[in-house]
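# Structure assessment
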Amino acid sequence: MAPSAILSPEPISNAENDSTIVFQTTVDLVSSKFPEKFKPLPLVNTVEVPEDDNIAVPKPQRVSVMPSVGDHTADRADGSSRLSRIVSGILEPASGAKKLRKMLLETNELIICPGVYDGLSARTAMELGFNAMYMTGAGTTASRIGQPDLAIAQLHEMRENAEMIANLDPFGPPLIADMDTGYGGPIMVARTVEQYIRAGVAGAHLEDQVLTKRCGHLSGKKVVPREEYISRIRAAHAARVRLQSDFVLIARTDALQTLGYEECISRLRAAREEGADVGLLEGFTSKAQAAQAVKDLAPWPLLLNSVENGKSPVITVDEAREMGFRIMIFSFATLAPAYVAIRETLARLKNEGVVGTPSHITPVKLFEVCGLQHSMAVDTNAGGTSFVGEL
């Protein structure tokens, strides 16, 4: 069921100066997909008109998600849309946040997000047609600065990497990103959310670990008091409201190791009360516990972090879908295989003197994955002649 738009009965008028008047109307998003206490996001439309002109208050524009001609599988029997229709059916560039929020509100499908950490891994996920992606903090830390996931990468590294990935294709899948602890107190949390929004990130998870945090699948995690965690959530929600963004705020708790399951559920409920859109309980100890969390927090959507060989049992996509999770991220989906492939290749080079690249993996092939044809078309359509002929 799509969110309904509720217009305020009277437009709000603010005189900015002698020559310009700014009109804004407020729209609230509400949906039965979220619990009653879900805090809606006010979406504000503004327009500037000369003071002497006739004044017309603009109506909010909604992006329609239309199935392709002849495609009778675009919508489900219950009226919900398919994820592929959300991504491909929008005929003009839309923010990743808008796409992700529509996926949550207008579909019932599990949103599968492979973990990506650089341009090539993201381009590969896009080549295979994934409807969303996840920028892993562990992968970003390892690939950009060659360090373990121990709170070494900070806002600058994380935001810069997320911005690059999120803007590879304006028509591409939305990007969820790791936001760690927000990198400080409420002021830094708000700053982080604002920078992620301006970078084009669709959503991010904010956790309750101490600032000297570690990967969620390591032992010895410590968390801040519940009140301090909720202040982070409150600051994050206020920041995205201030920027009038559809940014999806994901509340994550790592309290299971030290404080137990019931405290995790209490923290996530409190985060939901303060405006978080999605919940993430990190480090489930059993499949039964994961399924119970979905039930205990229903109908609030939950995200499942799948880390094979981590602290949690392996839960397949089909199992997660059956349990009722709405988003599933695979944090090490590209990082771990990349290490294996790189190490095997370098060992072959060291021992045999050759790299052994498969014959179909040519420089042209790799560049095509990274948008070669589009770049050439830009030059040619502009009248350039740099790429006439074959490469």
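None of the values given here were measured: they were computed from a predicted structure.

### Notes on the overall build of the protein
Each helix and strand in the protein was counted, giving 14 helices and twelve strands. When burial is assessed residue by residue, the protein has 46% of its 391 residues classed as buried.

### Quick look at the pairing of strand β7 (residues 175–178)
Neither face of β7 is left uncovered, since the one carrying Leu175 and Ala177 and the one carrying Ile176 and Asp178 both have all their residues buried. In the sheet, strand β6 (residues 133–135) pairs with β7 via three bridges, with the strands oriented parallel. Within β7, the position partnered with Tyr134 by the bridge is Ile176. Note: β7 against strand β8 (residues 203–206), three bridges, orientation parallel. Following the sheet pairing, Asp178 is matched in β8 by His205.

### Examining empty space enclosed by the protein
Tallied over the entire structure, the rule returns five cavities of 30 Å³ or more. Volume-wise, the largest cavity comes out at about 100 Å³. Taken together, 16 residues line the largest cavity, and the ones lying closest to its centre are Asp149, Asp178, Cys215, Arg252 and Ser331. Residues of the lining of the largest cavity, tallied by class, amount to five nonpolar, six polar and five charged.

### Comments concerning the sheet that holds β8
The strand order β10-β9-β8-β7-β6-β5-β12-β11 describes an open sheet built from eight strands, whose pairing is parallel. Single-partner strands in this sheet number two, and they are β10 (278–281) and β11 (303–306). Averaged over neighbouring strand pairs, the angle between their axes works out to 25° when direction is ignored. Sheet topology note: the β8/strand β9 (residues 248–253) ladder contains four bridges and is parallel.

### Some remarks on unusual backbone geometry
Phi is mostly negative for residues that are not glycine, and the peptide bonds are mostly trans. Residue Ala298 is joined to Pro299 through a cis peptide bond whose omega torsion reads 5°. In this fold, Pro299 is placed in the loop between α10 (287–297) and β11. Here Gln244, not a glycine, exhibits a phi torsion of approximately 55°, which is positive. Topologically, Gln244 is positioned in the loop between α7 (226–242) and β9.

### A closer look at helix α2 (residues 96–106)
Along α2, ten of the eleven residues are buried, which leaves the element largely enclosed by surrounding structure. Within the span of α2, buried status applies to Gly96, Ala97, Lys99, Leu100, Arg101, Lys102, Met103, Leu104, Leu105 and Glu106.

### Side note on the packing of helix α5 (residues 155–166) against helix α6 (residues 186–199)
At a minimum axis separation of 9 Å, α5 and α6 run at an interaxial angle of 20°. The pairing of α5 with α6 is recorded here as roughly parallel in orientation. By crossing handedness, the relation of α5 to α6 is classed as right-handed. When α5 is examined against α6, the residues Leu155, Met158, Arg159, Glu163 and Ala166 are found in contact with a partner set consisting of Met188, Arg191, Thr192, Gln195, Tyr196 and Ala199. Residue composition of the contact of α5 with α6, grouped by class: six nonpolar, two polar and three charged.

### Quick notes on the packing of helix α9 (residues 261–273) against α10
Each pair of packed helices can be described by the angle between their axes along with the distance between the axes. For the pair α9 and α10, the least separation of the axes is 11 Å and the interaxial angle reads 35°. Classified by chirality, the crossing of α10 by α9 is right-handed. Residues Tyr261, Ile265, Leu268, Arg269 and Arg272 of α9 pack against Gln289, Gln292, Ala293, Asp296 and Leu297 of α10.

### Section: the packing of aromatic side chains
Counted by the stated rule, this structure contains one aromatic pair. Where Phe284 meets Phe325, the ring centres are 6.2 Å apart and the plane angle is 65°; that geometry is what we call edge-to-face. With Phe284 in the loop between β10 and α10 and Phe325 in the loop between α11 (317–323) and β12 (327–330), this residue pair connects regions lying 41 residues apart in the sequence. Classification of Phe284 as buried rests on a relative accessible area of 4%.

### Quick word on the pairing of strand β5 (residues 111–116)
Burial runs high along β5: five of the six residues are buried. Here β5 pairs with β12 via four bridges, running parallel. Each bridged residue has a counterpart across the sheet, and for Pro114 the counterpart in β12 is Phe330. Examined bridge by bridge, β5 and β6 share two bridges and lie parallel to one another. The residue of β6 that forms the bridge with Gly115 is Tyr134. With helix α3 (residues 119–127) bridging β5 and the parallel β6, this β-α-β connection has right-handed handedness.

### Describing the nonpolar core
If you look at the biggest cluster of nonpolar residues, it comprises 59 residues, and the most contacted ones within it are Tyr196 and Phe325. Sequence-distant contacts of Phe325, defined by excluding residues within four places in its chain, comprise Leu110, Phe284, Ala290, Val294, Leu302, Leu303, Leu304 and Ala320. Core analysis: the second largest hydrophobic core is formed by 17 residues, Leu104, Tyr134, Val248 and Ile327 among them.

### Thoughts on α9
Taking 1.5 Å per residue, 13 residues should reach 18 Å; α9 reaches 19 Å between its end C-alpha atoms and fits that length. Among all positions in α9, only Tyr261, Glu263, Cys264, Ile265, Arg267, Leu268, Ala271 and Arg272 are buried. Phi turns positive one or two residues past the end of α9, at Gly275, with a value near 110°.

Cut-offs applied
Residues numbered from 1 in each chain as written. Predicted model: local features only at pLDDT ≥ 70, side-chain atom pairs only at ≥ 80, totals over all residues. Heavy atoms only, no water. Helix = DSSP H or I, 4+ residues; strand = E, 2+ residues; numbered from the N terminus. Buried < 20%, exposed > 50% of the residue type's maximum accessible area, 1.4 Å probe, protein only. Pairing = 2+ DSSP bridges. 1 Å grid on protein atoms, 1.4 Å probe; cavity = no way out; pocket = protein on both sides within 12 Å on 5 of 7 lines; lining within 4 Å. Points joined across faces, edges and corners; volume = space filled by probe spheres on them. Nonpolar A, V, L, I, M, F, W, Y, C, P; charged D, E, K, R; others polar. Axes fitted to C-alpha atoms, helices over the stretch in contact; angles between N-to-C directions. Parallel < 35°, antiparallel > 145°, perpendicular 65-115°, else oblique. Left-handed = near helix turned anticlockwise from the far one by under 90°. Contact = heavy atoms within 4.5 Å. Phe/Tyr/Trp six-rings, centres within 6.5 Å; stacked < 30°, edge-to-face > 60°. Right-handed = clockwise from strand over helix to strand, strands pointing away. Core = buried A, V, L, I, M, F, W, Y, C linked by side-chain atoms within 4.5 Å. Expected span 1.5 Å × (residues − 1).

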